[in-house]
Amino acid sequence: MKKPAIIFFDIDGTLIDTQTHLMTQRTQDTLKALQHHGIRIALATGRAPMELPEFDGLEFDATLTFNGSLCYSPDQVIWRNPIPAADVQQVIANAADIGRPVSIATLQEIIANGLDDDLREYLQVANITPEVSSRFAQVCRQDVFQMMIGCRPEDWPGLVKNAPGSRITWWWDRAVDVIPANGGKAAGVWAILDHFHLDPAQAAAFGDGCNDLDMLEAVGTGVAMGNALEELKAAADDICPAVSEEGIWQYCKEKGWI
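First things first, this report covers the structure right here in the doc. Keep in mind that what you see is a predicted model, and the values were worked out from it rather than measured. (Residues numbered from 1 in each chain as written. Predicted model: local features only at pLDDT ≥ 70, side-chain atom pairs only at ≥ 80, totals over all residues. Heavy atoms only, no water.)

Another aspect to go through is the side chain of Arg-47. Locating Arg-47 in the fold gives a position in the loop between β2 (40-44) and β3 (62-65). Its relative accessible area of 8% is what places Arg-47 among the buried residues. Those residues in contact with Arg-47 that sit more than four places away from it in its chain are Ile-11, Asp-12, Leu-52, Pro-53, Thr-65, Phe-66, Val-125 and Ala-126. (Helix = DSSP H or I, 4+ residues; strand = E, 2+ residues; numbered from the N terminus. Buried < 20%, exposed > 50% of the residue type's maximum accessible area, 1.4 Å probe, protein only. Contact = heavy atoms within 4.5 Å.)

This part takes up the sheet that holds strand β5 (residues 76-80). The eight strands are arranged β5-β4-β3-β2-β1-β12-β13-β14 in an open sheet whose pairing can be described as mixed. Since the sheet does not close on itself, it has two edges, and those belong to β5 and β14 (238-239), each with one partner. Relative to strand β12 (residues 203-207), helix α9 (residues 247-254) is tilted by about 150°, and along the sheet it contacts β1 (6-9), β12, β13 (221-224) and β14. (Pairing = 2+ DSSP bridges. Axes fitted to C-alpha atoms, helices over the stretch in contact; angles between N-to-C directions.)

To continue, consider the packing of helix α1 (residues 25-36) against α9. Between α1 and α9, the shortest axis-to-axis distance is 8 Å and the interhelical angle comes to 35°. The two elements α1 and α9 meet at a crossing, and its hand is left-handed. For the pair α1 and α9, contact is made by Arg-26, Thr-30 and Leu-34 and by Ile-248, Trp-249 and Cys-252, respectively. Looking at the contact of α1 with α9, its residues break down into four nonpolar, one polar and one charged. (Left-handed = near helix turned anticlockwise from the far one by under 90°. Nonpolar A, V, L, I, M, F, W, Y, C, P; charged D, E, K, R; others polar.)

Let us look at the layout of surface pockets. Where empty space is left can be seen by rolling a probe of water-molecule size over the atoms. Roughly 210 Å³ of volume is contained in the largest pocket. The wall of the largest pocket is formed by 14 residues, among which Ile-16, His-21, Leu-22, Met-23 and Pro-53 lie closest to the centre. Split into classes, the residues belonging to the lining of the largest pocket amount to seven nonpolar, three polar and four charged. Here the second largest pocket is characterised by a volume of approximately 150 Å³. Lining the second largest pocket, in full, are Gly-13, Asp-17, Thr-18, Gln-19, Trp-171, Asp-208, Gly-209, Asn-227, Leu-229, Ala-242, Val-243 and Ser-244. Of the residues contributing to the lining of the second largest pocket, the split by class is four nonpolar, six polar and two charged. (1 Å grid on protein atoms, 1.4 Å probe; cavity = no way out; pocket = protein on both sides within 12 Å on 5 of 7 lines; lining within 4 Å. Points joined across faces, edges and corners; volume = space filled by probe spheres on them.)

The next point concerns the sheet that holds strand β11 (residues 175-180). Reading across the sheet, the six strands line up as β8-β7-β6-β9-β11-β10 and stay open at both edges, with mixed pairing between neighbours. At either margin of the open sheet sits one strand with a lone partner, and together these are β8 (131-132) and β10 (166-172). With four bridges joining them, strand β9 (residues 146-150) and β11 adopt antiparallel strand pairing. Note that in β11 the partner of Ile-149 across the bridge is Val-176.

Looking now at empty space enclosed by the protein. Per the stated rule, a full pass over the model turns up one cavity of 30 Å³ or more. Lining of the largest cavity is provided by 18 residues; of these, Asp-12, Gly-46, Arg-47, Tyr-122 and Trp-171 occupy positions nearest its centre. Of all the secondary structure elements, the ones that give two or more residues to the lining of the largest cavity are α3 (117-124) and β9. Counted by class, the lining of the largest cavity contains seven nonpolar, five polar and six charged residues.

Moving on: unusual backbone geometry. Positive phi, close to 50°, is recorded for Phe-66, a residue that is not glycine. On the secondary structure map, Phe-66 appears in the loop between β3 and β4 (70-73). By relative accessible area, Phe-66 is classed as buried at 0%. One non-glycine residue with positive phi stands out, namely Glu-246, at about 55°. Structurally, the position occupied by Glu-246 is in the loop between β14 and α9. Judged by its relative accessible area of 17%, Glu-246 falls in the buried class.

In structure tokens, the structure reads:
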């Protein structure tokens, strides 16, 4: 494609190597160079706003969090889409039926009604240790944008049983994110594109997990990282080298975007 007007970037496994937990200086310089060449840059992550890493000297033109359920620019909220309250309670009950604790994310905090090994390791990717608290039921009455649950693929249908306003997205086979049924990164991408009066054909996106699948399909050029899941590579328009090989820099340079 010709030079895009905006590029969406997943964080973990895309901008940040999940082994080193770092973004290289060359990748940071690439993002700055894209902006210098008039291309908007946007984060597109399953993380909550309070979990976002510090990117020294970088200000993104837009940020998509909670897998698309909360999107904002530096000066305003663009899209806000919490999980229906009845679904929050139903998913918690469904998780209890299979003996799984739940962590929920509101705008203010991440809190859990317990932790198991799967959930603990899942959250540690983003350096999160949620508070396990008796306040859990009280906090659940606030707007919940995402629920995190350790489980296996065979558990997925049961987790969202009788919760029609919610669905599962995932990037690891030992845990899932529960998000609004009408959510997902694609919904957030569309809201941000509408905010900037852009067409999907003017956008590109980079990702590595299955929670990036709808995002890559929602833009003109969807690029899977070399370290991406095979399902994502199969659906992508293009594949760049792995995050450990500074794939974003290599791809953007090859395409003449920087």
